[in-house]
Amino acid sequence: MAINLNTPRDSFSSRLGVIAAAAGSAIGLGNIWRFPYVAGENGGGAFLLIYIGFIVLIGVPVMLSEFVIGRNTQRNAVGAFRKLAPKSLWPLTGFLGISAAFFILAFYTTVSGWTLEYLYLAISDGFKAQSAESLTQNFELFRTSGLRPLMWQNIFMFLTAFIVYKGIKNGIEKYTKILMPLLLVIIIILGIRSVTLPGAAEGLTFLFKPDFTKITGKVILEALGQSFFSLSIGMGTLITYGSYIGKGENLGKTALSVSAADTLIAILAGVAIFPAVFAFGIAPEAGAGLVFITLPMIFDQMAGGYFFALIFFLLLSIAALTSTISVLEVVTAYLSEELNLGRKKATVIAASSIAVLGVACTMSQGPWAILSVGGYNLFDLLEMVSANIMLPLGGLLIVLFVGWYLTKDAVFAEISNQGKFKAGFKFAYLFIIRFLAPIAIAFVFLNGLGFFSIFGSGN
Ligand code: PFF
């Protein structure tokens, strides 16, 4: 790889490193915490089917488009658009991403903090012989208590900043490479335990049997939002990571592997959770607490539960961490490259300014419940607006940019590594990013807009 002596830039050192980091970004709370409860609230099987359709037809092409922009320019999310489309409004797409990073990291670190509390509970054997009711109650008490979730959230933000501070090769790549495979093993073990519980079949039916009477414009928009959120696309995270990918890597293959791994983990999380939900008589649409209530119940019922609880919450925290670092990296790379702050200073400024919004978000769960609009507290609002509005909008702009603003030749050159291999999928890809994806996103979006009364209808 050619090295630019003027601006020596950190980068991933290996193929495995690229995949681990990008999959580390994609696989996170979105798969294990958010997917099951969003699917649960939106009809299970039918939601899953639409979700997978969006991943394949829109998600993978958007991801590839982000890699194309990033690797081509070797710049952060704003700088990349500035380089390719100077004196235009396109860099606003990057700023949309920076704002989404603030919103997402604020509520995401709240939930990441919950995972640390549950790790602590697992260590101190805190789930022993509890009923579904008492687990639910304890979760609610903790979530709304203010100070304790706040403490964990800030510890989590500190860990995130620590890794980002260390850079790409010696921070992000090093940690994700070890941690992601471990997560896969644990979630498979949990899935096996869950499906062998008595009464598990009902949960599998709920997850896999589509019931299309549940589908509305809002459900479809939720599926789109969830697919974007889960793949980490639509806000420049993968533009930023793409900018650290070497010129020899196959971008199409990378996008495909990362998306496949992400989808597999979401389905495995569903398999670990829904059978248990039905076996223990919990409502599948129990909302944000679903994972924190059902999984402790499974652990309590299984041989070696103490050990699995411990390792699960450890890995959930880690999965969250490999995602939060990718979000913080978006803002850090922007500040350090566009505003010429040193990387270290940029990390500290990014993390601490996002932490302010994060505090408001955690507090909105309880003590500052007044921070709400139409029955949605700040936490719900940030989650909904970022996943269902900002990411699809960002994704729409990204495919339009790569499909219509960049030249076909430049795009083909980037995905085939300057013609080094054939990239036989290139015309299908071009068709999708020019027509299919923008039309589908715009359609789902406008259709969902008709349901914006959801802002007023509570949860
Ligand atoms: N994809 C992550 C998850 O599923 O948990 C969340 C996420 C990370 C969203 C990075 C967006 C992003 F840019």
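Note: the structure precedes this text.
Just so it is clear, the structure is predicted and the values come from calculations on it, not from any experiment. (Residues numbered from 1 in each chain as written. Predicted model: local features only at pLDDT ≥ 70, side-chain atom pairs only at ≥ 80, totals over all residues. Heavy atoms only, no water.)

S.K.: Residue-level account of the packing of aromatic side chains, with values.
M.R.: Taken as a whole and assessed by the stated rule, the structure comprises 33 aromatic pairs. Ring centres of Phe127 and Phe313 lie 5.9 Å apart, and the angle between their planes is 45°; this geometry places the pair in the tilted category. You can see Phe127 sitting in the loop between α5 (91–123) and α6 (132–143) and its partner Phe313 sitting in helix α14 (residues 305–338), a full 186 residues away along the chain. Phe313 carries the same exposure label as Phe127, and that label is buried. Ring geometry for Phe299 and Phe312: centres 5.8 Å apart, planes at 45°, overall tilted. With a gap of 13 residues between them, Phe299 in helix α13 (residues 290–301) and Phe312 in helix α14 connect regions that are remote in the sequence. (Phe/Tyr/Trp six-rings, centres within 6.5 Å; stacked < 30°, edge-to-face > 60°. Helix = DSSP H or I, 4+ residues; strand = E, 2+ residues; numbered from the N terminus. Buried < 20%, exposed > 50% of the residue type's maximum accessible area, 1.4 Å probe, protein only.)

S.K.: Give a description of the site of the ligand that names residues and reports values.
M.R.: Taken together, the neighbourhood of the ligand is formed by 16 residues, with Ala26, Gly30, Tyr108, Phe229 and Thr237 sitting nearest. Separating an oxygen atom of the ligand from a backbone N or O atom of Leu29 is a distance of 3.1 Å. In the environment of the ligand, a nitrogen atom lies 2.8 Å from a nitrogen or oxygen atom belonging to the backbone of Phe229. When isolated, the ligand has an accessible area of 340 Å², and the protein chains bury 100% of it. Placement of the ligand is best described as lying within the largest cavity. Counting only elements with at least two residues in the shell around the ligand, the list comes to α1 (15–26), α2 (29–41), α5, α10 (217–231) and α14. (Near = heavy atom within 4 Å. Polar contact = N/O pair within 3.5 Å; in protein donor to acceptor, adjacent residues only side chain to side chain. Areas by Shrake-Rupley, 256 points an atom, 1.4 Å probe, with all protein chains shown as cover. 1 Å grid on protein atoms, 1.4 Å probe; cavity = no way out; pocket = protein on both sides within 12 Å on 5 of 7 lines; lining within 4 Å. Sits in = over half its atoms within 2 Å of the grid points.)

S.K.: Describe helix α15 (residues 343–363), listing the residues and the values that go with them.
M.R.: Taking 1.5 Å per residue as the helical rise, α15 with its 21 residues ought to reach 30 Å, and the 30 Å between its terminal C-alpha atoms agrees with that figure. At Val356, α15 is bent by approximately 25°, the largest bend along its length. For α15, the set of buried residues is Ala346, Thr347, Ala350, Ala351, Ile354, Ala355, Gly358, Ala360, Cys361, Thr362 and Met363. In this structure, the buried residues of α15 make contact with α5, α7 (147–166), α14 and α16 (378–405). (Expected span 1.5 Å × (residues − 1). Bend = angle between axes of the 7 residues up to and from the residue. Contact = heavy atoms within 4.5 Å.)

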